[in-house]
Amino acid sequence: MKALIVMYKEIVDNLRDRQTFFYALLFGPVLLPLIIGGSLVASFKQFAIDFDEVTELAIVNETAAPNLVAFLYSNNVDVITAPDEVEAAVRAGDIMIALEIPDEFGEQLRKANPAPLTLYVNDADKDSTRAARKISALVSGYKNTINSLRMQHRGIDPQVFNSIELTEFDVSEDGSSGQLLASILPFLFIMSMIMGGFYLAIDTTAGERERMSLEPLLALPLDRADVVYGKFGATLCFVLMSSCLTVLSIYALFQFFPTELISGGLRFDGSTLVKAFLLVSPLTVFLSAALITVSAYTRSTKEAQTYLGLMMIVPMAPFFLLQFFSLGASTWSMALPMLSQYQLLEKVVLQDDINQWHALLSVGGTLLAGLLLLRLATKLYRRDRILM
Amino acid sequence: MSDTNEPLVRFVDVQKSYDGVTLVVKKFNLDMQKGEFLTMLGPSGSGKTTCLMMLAGFEPATHGEIFLQGQPINNVPPHKRGIGMVFQNYALFPHMTVAENLAFPLQVRNMSKSDTEDRVNKALDMVQLGEFGGRRPAQLSGGQQQRVAVARALVFDPDVVLMDEPLGALDKNLREQMQYEIKHIHENLGITVLYVTHDQSEALTMSNRIAVFDDGVVQQLAPPSTLYEKPENAFVAQFIGENNVLSGNVISIDGDSCHVDVGNNRSVHALKVNVNNVGDTSTLSIRPERVVLNPGSEYNNVFEGKVEELIYLGDHIRTRMVVCDDSDFIVKVPNSGELGQLREGDTVKVGWKMEDCRALD
């Protein structure tokens, strides 16, 4: 009961603190998914070629290759006449990309020699490189067509040069971009949970020690365990609020995510996110206890920020571990907080079946680790040097 | 103060060491009566705050016993001691309002909402902050914040209130004003206060008794007037108030008085306080206001003094002189107009009575 009074005090106290409020309920759950999701969309869009999009291409000497120009035009390329100083114009950004067709282009084609073309592109400009990829792909297609026609003209079946045809069948049905997206979800959850409790944990432990308001608190008729449970409860509330908001913001984010960028097997709908939240929720206990314990160990806000800043790296470890190594779900990995949630959430997003024993092990292992940390925090609070 | 003999707080042979080697508090004994305002005064590192923290329960005593209302409390955790505390930095909860800060100690004591409200209002009125209940600490001045801290320490009617340099962060005028306010609160409520400070004027203004600390030992425990008028050793004489010091050897002892040779065949007749034998070295303590210029025949000690510096301080002229080879000998000359002719470099007779000169260790 007394722990609830402390908890209420800490919640009210910190809801009024703008810094805590911003980091717990705005930065972690809302801005972080937006930043990461936005970067992903931009990145995917950058490397993807959109053949439906109309691309403007300046051509020098377009009359030298009317068939090529017609082919490009039929593939959503809007041809314009290039200025005199074409290289300077591309460098200055006046035109995005330019194709120079020499006078001998037609002559070389007729002689069955390689016909030269020059593409002016500004690699420092993302739009220019993206347009260049599209033009290169189209010209390559045009080249293949001519090659086939030349061979047929000489009575050779083009398939003669196609001795082996290797088909790669991706059984995951989601591809590497899907795998990355699936890993992002637990990463976002864990980061926003840490952000949710970060400042509150510091403020209620190291901060309270620093401004010496811990002495009057400990002089009150409160057992040290009540004090720790109260602070833990307040941190847990913020972490939970943060993760609930994360669910909403991820849901909203994927409503606006380009569907062509999400492979067929991936799901970010409401029921998937609720399932993911339930599986990840034991981490709220573990992370709240970890934040309180680390803060209780430190002597000042600055020290706590340093240690907890390092703690931010911990959620990245399973992320990179799973990106670079093929770690299958196993009994030992399911007993580990964070790693188990990464693996389970990937399965949830990829619509894979979840082993119930694994889920149980993940929940049990994470809660047990959280309770051990909470016990450690209480022990730290019972030390005489808590006030030193 | 209570007339009963049972002390409210008792320290018995208490020692404290942080490293197991050096004692920061050495054999501390103290009896404190209910309703008393007792100040622990001393320089930084003298052990006074450690004693306060041991009573609060935040520091365990290495040796000895501490009693509260006759019960040993060495093994009682802080939250079960029923002690209110006020700190130098106010230690208020920053994002709670003043009223919430005051209500919190009552809420954890499971007090009803209406009782809590009544007590908070009374406490706010007591420190004249009745209109400020809805404000946050940052919206108050330093003095107002400290009043809130005092009110928070008193709101639950603690057996003892501990104050650890509570006025240290305030400017001089506010500090003096708050000294009187705390003194009046103590008088009006009859609470028991154990106060820690290094400021002697603060201690003299508010306290019933003062324990002067140095190097982990109580040098003297007495009411303010006794400490000032009858210091028992050189440290107390130096620490409390302004003091002229002459050093020499005891050349004779006669009952309660003695003669001390201060050099150049000059002998000072002094009250024997802390010397035992002829030949002992002694520090003579003479308060500046007890030294007179051009003394009459009733003065036992008369010497020549050369005026080195005159500082006008309104009601008196602080005169620094060379007396008995001591170039920092201070005389407070009343500004009566009669001594307006005194000039730097003048040589005048100075004198003091035997009973105003104490032969200390």
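Residues numbered from 1 in each chain as written. Chains lettered and ligands numbered in written order. Predicted model: local features only at pLDDT ≥ 70, side-chain atom pairs only at ≥ 80, totals over all residues. Heavy atoms only, no water.

With that out of the way, let us pick up the overall build of chain A. Tallying secondary structure elements over chain A gives 16 helices and four strands in all. Counting all 388 residues of chain A, 50% fall into the buried class. Across chain A, every contact between residues at least 6 apart in sequence was considered, and the portion connecting residues at least 24 apart equals 76%. With an accessible surface of roughly 19200 Å², chain A has 60% of that area assigned to carbon and sulfur atoms. Computing the positive centroid from 29 side-chain charges and the negative centroid from 39, chain A places the two 13 Å apart. (Helix = DSSP H or I, 4+ residues; strand = E, 2+ residues; numbered from the N terminus. Buried < 20%, exposed > 50% of the residue type's maximum accessible area, 1.4 Å probe, protein only. Contact = heavy atoms within 4.5 Å. Areas by Shrake-Rupley, 256 points an atom, 1.4 Å probe, with all protein chains shown as cover. Lys, Arg positive; Asp, Glu negative; His and termini not counted. Charge placed at Lys NZ, Arg CZ, Asp CG, Glu CD.)

Each partner contributes residues to the interface: chain A has 24 residues there, and chain B has 25 residues. Connecting chain A to chain B are one salt bridge. For A:Arg16, the salt bridge goes to B:Glu100, with nearest N and O atoms at 2.6 Å. Where chain A packs against chain B, one counts seven residue pairs in polar contact (both at pLDDT 80 or more). Elements supplying a minimum of two residues to the side of chain A that touches chain B: helix H1 (2–15) and helix H8 (214–218) of chain A. Among the elements that take part in the side of chain A that touches chain B, H1(A) stands out by supplying five residues, more than any other. (Salt bridge = Lys/Arg side-chain N within 4 Å of Asp/Glu carboxyl O. Polar contact = N/O pair within 3.5 Å; in protein donor to acceptor, adjacent residues only side chain to side chain.)

Quite often, the size of an interface is put as the accessible area lost when its parts meet. The assigned domain composition of chain A is domain 1 (2–45 + 176–387) and domain 2 (55–161). A straight line from the C-alpha centre of domain 1 of chain A to that of domain 2 of chain A covers 53 Å. (Domains from an automatic or database assignment.)

Residues A:Tyr297, A:Tyr307, A:Leu310 and A:Ile313 make up a contiguous nonpolar surface patch of about 420 Å² in total accessible area. Structurally, the position occupied by A:Leu310 is in helix H12 (residues 301–311). (Patch = residues over 30% accessible without salt bridge, like charges linked within 9 Å, V, L, I, M, F, W, Y side chains within 5 Å.)

Residues and elements named next belong to chain B. Within the open sheet, the four strands sit side by side as E2-E1-E4-E5. Their pairing is antiparallel. The two strands at the open ends of the sheet, each matched to only one other strand, are strand E2 (23–32) and strand E5 (71–72). Pairing of strand E1 (residues 9–17) with E2 involves six bridges; the strand directions are antiparallel. Across the sheet, residue Ser17 finds its bridge partner in E2, namely Leu23. Relative to the sheet, helix H1 (residues 48–56) contacts E1, E2 and strand E4 (63–68), its axis offset from that of E1 by approximately 115 degrees. (Pairing = 2+ DSSP bridges. Axes fitted to C-alpha atoms, helices over the stretch in contact; angles between N-to-C directions.)

All names here are of chain B. Pairing geometry for strand E11 (residues 244–254) and strand E12 (residues 257–261), over five bridges, is antiparallel. Bridge pairing links Asp254 to Ser257 in E12. Between E11 and the antiparallel strand that follows it, E12, lie two residues; Gly255 among them carries a positive phi value of about 65 degrees. Note that E12 and strand E13 (residues 267–272) share five bridges and pair antiparallel. Paired with His259 across the bridge in E13 is His269. Connecting E12 to the antiparallel partner E13 that follows it, the hairpin turn spans five residues, and Gly263 within it adopts a positive phi of roughly 105 degrees.

The subject of this paragraph is helix H15 (residues 339–349) of chain A. Residue and element names in this part refer to chain A. Within H15, ten of the eleven residues are buried, which leaves the element mostly enclosed by the surrounding structure. Looking at H15, one finds that the buried residues are Leu339, Ser340, Gln341, Tyr342, Gln343, Leu344, Leu345, Glu346, Val348 and Val349. Of the residues one or two after H15, Gln351 is the one with positive phi, at around 65 degrees.

Okay, empty space enclosed by the protein next. A probe as big as a water molecule, rolled over the atoms, marks out the empty space that is left. On inspection of all chains with the given rule, the structure shows two cavities of 30 Å³ or more. Taken as a whole, the largest cavity encloses approximately 110 Å³ of empty space. Around the largest cavity sit 13 residues that line it, and A:Pro216, A:Leu220, B:Met85, B:Arg152 and B:Phe156 are the ones nearest its centre. Looking at the lining of the largest cavity, the elements with two or more residues in it are strand E6 (83–87) and helix H4 (142–154) of chain B. Counted as a void, the second largest cavity has a volume near 40 Å³. In terms of lining, the second largest cavity is formed by A:Pro33, A:Ile36, A:Gly37, A:Leu40, A:Leu181, A:Ile184, A:Leu188, A:Leu253, A:Phe254 and A:Phe257. (1 Å grid on protein atoms, 1.4 Å probe; cavity = no way out; pocket = protein on both sides within 12 Å on 5 of 7 lines; lining within 4 Å. Points joined across faces, edges and corners; volume = space filled by probe spheres on them.)

Residue and element names in this part refer to chain B. This structure, assessed with the given rule, holds eleven aromatic pairs over all chains. Plain terms: the ring middles of Phe93 and Phe104 are 5.6 Å apart, the flat faces sit at 80 degrees to each other, and that makes the pair edge-to-face. Of this pair, Phe93 sits in the loop between E6 and helix H2 (98–107) while Phe104 sits in helix H2, placing them eleven residues apart in sequence. For the pair Phe93 and Phe104, a shared accessibility class is recorded, and that class is buried. In this structure an aromatic cluster arises from ring pairing among Phe11, Phe28 and Phe213. The side chain of Arg287 reaches across the aromatic face of Tyr228, ending 4.1 Å from its centre. Here Lys353 stacks its cationic end above the ring of Tyr299, 5.5 Å away from the centre of that ring. (Phe/Tyr/Trp six-rings, centres within 6.5 Å; stacked < 30°, edge-to-face > 60°. Lys NZ or Arg CZ within 6 Å of the ring centre and 35° of its normal.)

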